[in-house]
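Descriptive analysis of the structure
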Amino acid sequence: KAMKKFTFLFAIIMANLNAFAQVTFEGSTEFGRIFDVTYHPTDPNDLYAVTLGNHIVSSKDNGLSWDVFYSHPTISHHIENLKFLDGNRLSFNLKFGLFDNHLNILDINTTQIVQTFVLPIPENAARTWITDYAIHHQNTSIAIVSQGYRIGSFSFYRVYYTTDSGITWSTIYSSIDNSNISVNSVAISHDNSQKVFIARGNGPDTTYGGLLISTNGGQSWTEKLVGIPLDPIAINPQNANDILIGTDATTDSENLYRSNDGGLTWQSIPLTWEDYVMDSIVHISFNPQNPQSIIVLEENQVIYTDDNFQTHTNLTFEEEPNDYFYGLNASFNPLNSNEIVVSGNYHPLRSTDNGTTFNKIENPFFVSNDVQLFKQNNIKKHLYYSVQFGYVHKDLDTNNSNNYNILPLNLVSNVQNQTFIDLNFNGRVYN
């Protein structure tokens with residue numbers, strides 16, 4: 001679902017930093033990459049995010065400094081799709097395992113997993129993964145989850161619905177029974193736990209797209225926006241009848257659609273879209289405190305309104321790794337609606353002017369596949385580590401750092417340089 005052009009490095013990440021005493025972060029904050037950056041629902045200084053590995057990180061000073069908050073015990077299972085359920089609980093799913101079927105709810109007061117949903121494994125599936133999910137905020141035993149899976153070289157999709165935290169599941173959609181049309185996103189209405197939505201993407205035949213709506217937990221469906229590939233769904237947190245949905249990259253005509261009657265009828269909001277590469281609407285966010293404030297993240301455009309689209313700003317950006325490009329999600333500061341944090345394709349970003357300009361949020365969490373230390377008579381101490389196909393040298397006595405052969409995040413090499421330090425000669429490096 002997310003673009004996330006990663007640099008294809010292998011991570012060496014400790015399974016649980018909390019198990020080590022006096023851990024310090026020595027890596028440069030210049031290269032930090034965290035995702036799903038999300039404000040606490042009521043605390044404007046409390047932020048949470050996920051790393052490129054198995055960690056949830058947090059900031060207690062509105063992103064100025066960061067620390068590890070939670071570490072999933074299986075290093076190979078990475079965390080994604082971090083969401084606040086309420087002021088005390090976060091949810092997330094896992095990825096990169098052979099069978100990534102786990103959806104978890106984390107209590108932020110105890111840092112303990114308090115609920116786990118385990119999905120079925122389809123027959124003959126060689127691999128499974130969660131593509132999207134939604135948990136009902138008032139009753140967290142109820143969830144809708146979209147699952148991708150592979151049989152041979154082909155991918156398929158199922159959508160499951162549960163009312164008992166995953167003890168039992170109902171299969172409410174199967175792409176095999178629906179011309180193999182893919183599933184992009186799912187949602188649950190906050191005022192009716194049996195009202196669920198499935199936004200469909202492309203299929204191998206001429207039939208594709210469409211929004212499926214059920215009012216009985218997926219037992220029967222009504223289809224809207226027929227033939228249109230769709231992706232992000234956003235429901236007004238204060239009015240469940242107010243719904244926004246955007247088209248995905250495979251559509252012939254890019255549009256943002258709105259329903260004011262719970263999905264019975266839909267209208268296209270008149271917006272100008274620039275023809276770029278993928279032309280996809282990636283994310284839509286209502287401001288929970290003031291739902292008339294809405295931000296729409298497109299590949300290279302940011303659209304913002306503070307009056308329910310009576311007026312709006314529509315800004316276009318170039319692809320720059322340290323500026324806005326392909327925003328994956330957005331979160332409003334609960335006490336300052338002008339301040340929005342955006343998880344971009346390359347770096348986390350902050351806007352204090354409603355998405356007009358963005359600044360990179362620096363942090364010390366990035367991927368390195370090589371860390372080496374030179375130590376001589378306990379006097380000269382030098383740290384070397386790889387990042388973005390180059391390496392960094394840090395003098396641990398002076399804290400000065402120098403970067404070498406670093407590639408920008410929008411460039412990818414098919415060769416990973418290897419750096420070797422001479423442990424017997426200070427400053428000698430082989431590359």
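Residues numbered from 1 in each chain as written. Predicted model: local features only at pLDDT ≥ 70, side-chain atom pairs only at ≥ 80, totals over all residues. Heavy atoms only, no water.

Some details on the overall build of the protein
Operational definition: The helix count covers DSSP runs of H or I at least four residues long, the strand count covers runs of E at least two residues long, and both are numbered beginning at the N terminus. A radius of gyration in this sense is built from C-alpha atoms; the matching globule rule multiplies 2.2 Å by the number of residues raised to 0.38. When a residue's accessible area, from a 1.4 Å probe over protein chains only, is under 20% of the maximum for its type it is buried; when over 50% it is exposed; and in between it is partly exposed. Here a residue-residue contact requires only that any non-hydrogen atoms of the pair lie within 4.5 Å.
Across its full length, the protein carries zero helices and 34 strands. Compactness check: the protein gives a C-alpha radius of gyration of 22 Å against a globular reference of 22 Å for 431 residues, within 12% of the reference. Taken over the C-alpha atoms alone, the protein extends approximately 75 × 50 × 45 Å along its principal axes. Within the protein, the proportion of its 431 residues that are buried is 55%. Considering only contacts within the protein whose residues lie at least 6 apart along the sequence, 46% involve residues at least 24 apart.

A look at the sheet that holds strand β19 (residues 256-259)
For clarity, the threshold we go by: Any two strands with at least two DSSP-identified bridges between them are counted as paired.
A sheet is described by the order of its strands in space; here four strands give the open sequence β17-β18-β19-β20, paired in antiparallel fashion. Strands at the two margins of the open sheet, each flanked by one partner only, are β17 (230-235) and β20 (267-268). Both β17 and strand β18 (residues 243-247) contribute to a ladder of four bridges, which runs antiparallel. When the sheet's bridge partners are listed, Ala234 is paired in β18 with Leu244.

Remarks on the pairing of strand β5 (residues 78-84)
The element β5 is largely enclosed, with a buried count of six among its seven residues. Bridge analysis of β5 against strand β6 (residues 89-95) gives five bridges, and the strand direction is antiparallel. Bridge assignment links Lys83 to a residue of β6, and that residue is Ser91. In this antiparallel pair of consecutive strands, β5 and β6, the connection spans four residues.

Notes on the pairing of β18
For β18, a buried count of five out of five residues is recorded, marking the element as mostly surrounded by other parts of the structure. Bridge count between β18 and β19: four bridges; the pairing is antiparallel. Within β19, the residue paired with Leu244 across the bridge is Arg258.

Focus on unusual backbone geometry
In this model, Ser165 sits at a positive phi of 60°, which is unusual for a non-glycine residue. For Ser165, the location among the structural elements is in the loop between β11 (154-162) and β12 (170-174). Backbone geometry places Leu225, a non-glycine residue, at a positive phi of 50°. Tracing the backbone shows Leu225 in the loop between β16 (222-224) and β17.

Quick look at the pattern of salt bridges
Pairing between side chains of opposite charge can happen when their charged atoms approach one another. Keep this limit in mind: What counts as a salt bridge is simple: a side-chain nitrogen of Lys or Arg found within 4 Å of a carboxyl oxygen of Asp or Glu.
Per the counting criterion, the structure on display carries nine salt bridges. As a salt-bridge pair, Lys60 and Asp46 come within 3.0 Å of each other at their nearest N and O atoms. With Lys60 in the loop between β3 (55-59) and β4 (67-71) and Asp46 in the loop between β1 (35-39) and β2 (47-50), this pair connects stretches of sequence that are 14 residues apart. Since its relative accessible area comes to 51%, Lys60 is described here as exposed. What makes Asp46 buried here is its relative accessible area of 7%. Note that Lys95 and Glu80 form a salt bridge whose closest N and O atoms lie 3.9 Å from each other. Taken as a pair, Lys95 in strand β6 and Glu80 in strand β5 lie far apart in primary sequence, 15 residues in all.

Observations concerning the confidence of the model for the protein
The test is simple: Every residue carries a pLDDT, the predictor's confidence in it, which falls somewhere between 0 and 100.
A residue-level look at the protein finds 95% of positions with pLDDT of 70 or above and a mean pLDDT of 91. Across residues 1-20, confidence stays below pLDDT 50; counting only partners more than four residues off in sequence or on other chains, it has 64 contacts.

Focus: the nonpolar core
Stated precisely, the cut-off is as follows: Throughout, nonpolar core names a set of buried Ala, Val, Leu, Ile, Met, Phe, Trp, Tyr and Cys residues whose side chains join them through atoms within 4.5 Å.
Core analysis: the largest hydrophobic core is formed by 22 residues, its most contacted members being Tyr48, Ile56, Phe69, Tyr70, Ile79, Leu82 and Phe92. If you list the elements that add at least two residues to this core, you get β2, β4, β5 and β6. Beyond its immediate stretch of four places on either side in the chain, Tyr70 contacts Asn54, His55, Ile56, Ile79, Phe92, Leu106, Thr111 and Ile113. Ala134, Val159, Tyr173 and Val186 belong to the second-largest nonpolar core, a separate cluster that totals 15 residues.

Digging into the sheet that holds β1
To be explicit about the condition: Axis definition: a line fitted to C-alpha atoms, limited for helices to the stretch in contact. Angles are taken between N-to-C directions and run from 0 to 180 degrees.
Across the sheet, which stays open at both edges, the four strands sit in the order β1-β2-β3-β4 with antiparallel pairing between neighbours. The sheet is open, and its two borders are formed by β1 and β4, each paired with just one other strand. Adjacent strand axes in the sheet meet at a mean angle of 25° when their direction is disregarded.

Points about empty space enclosed by the protein
As a reminder, the rule being used: Of the grid points, spaced at 1 Å and generated over the protein atoms alone, those admitting a 1.4 Å probe that cannot get out make up cavities, while open sets with protein on both sides within 12 Å along at least five of seven lines make up pockets; any residue with an atom within 4 Å of a point is treated as lining. Grid points are joined across faces, edges and corners, and a volume is the space filled by probe spheres set on the points.
Tallied over the entire structure, the rule returns two cavities of 30 Å³ or more. The volume enclosed by the second largest cavity comes to roughly 30 Å³. Lining the second largest cavity we find Asp370, Gln372, Tyr384, Tyr385, Ser386, Tyr391 and Thr419. When residues in the lining of the second largest cavity are grouped by element, the largest group, three residues, is from strand β30 (residues 380-387).

Quick word on the packing of aromatic side chains
Our working definition: Only the six-membered ring of Trp is used, alongside the rings of Phe and Tyr, when aromatic pairs are assigned; centres must lie within 6.5 Å, and planes under 30 degrees apart are stacked while those over 60 apart are edge-to-face, with the rest tilted. Whether a charge lies above a ring is judged from NZ of Lys or CZ of Arg, which has to be within 6 Å of the ring centre and within 35 degrees of the ring normal.
The full count for this structure, using the stated rule, is 16 aromatic pairs. Ring centres 6.4 Å apart and planes at 70° place the aromatic pair Tyr276 and Phe325 in the edge-to-face group. You can see Tyr276 sitting in the loop between β20 and β21 (281-286) and its partner Phe325 sitting in the loop between β24 (313-316) and β25 (329-333), a full 49 residues away along the chain. Judged by relative accessible area, which is 2%, Phe325 ranks as buried. By way of ring pairs, the aromatic residues Tyr276, Phe325, Tyr326 and Tyr346 are connected into one cluster. Of note, Lys83 hangs over the ring of Tyr133, and the distance from its end group to the ring centre comes to 4.1 Å.

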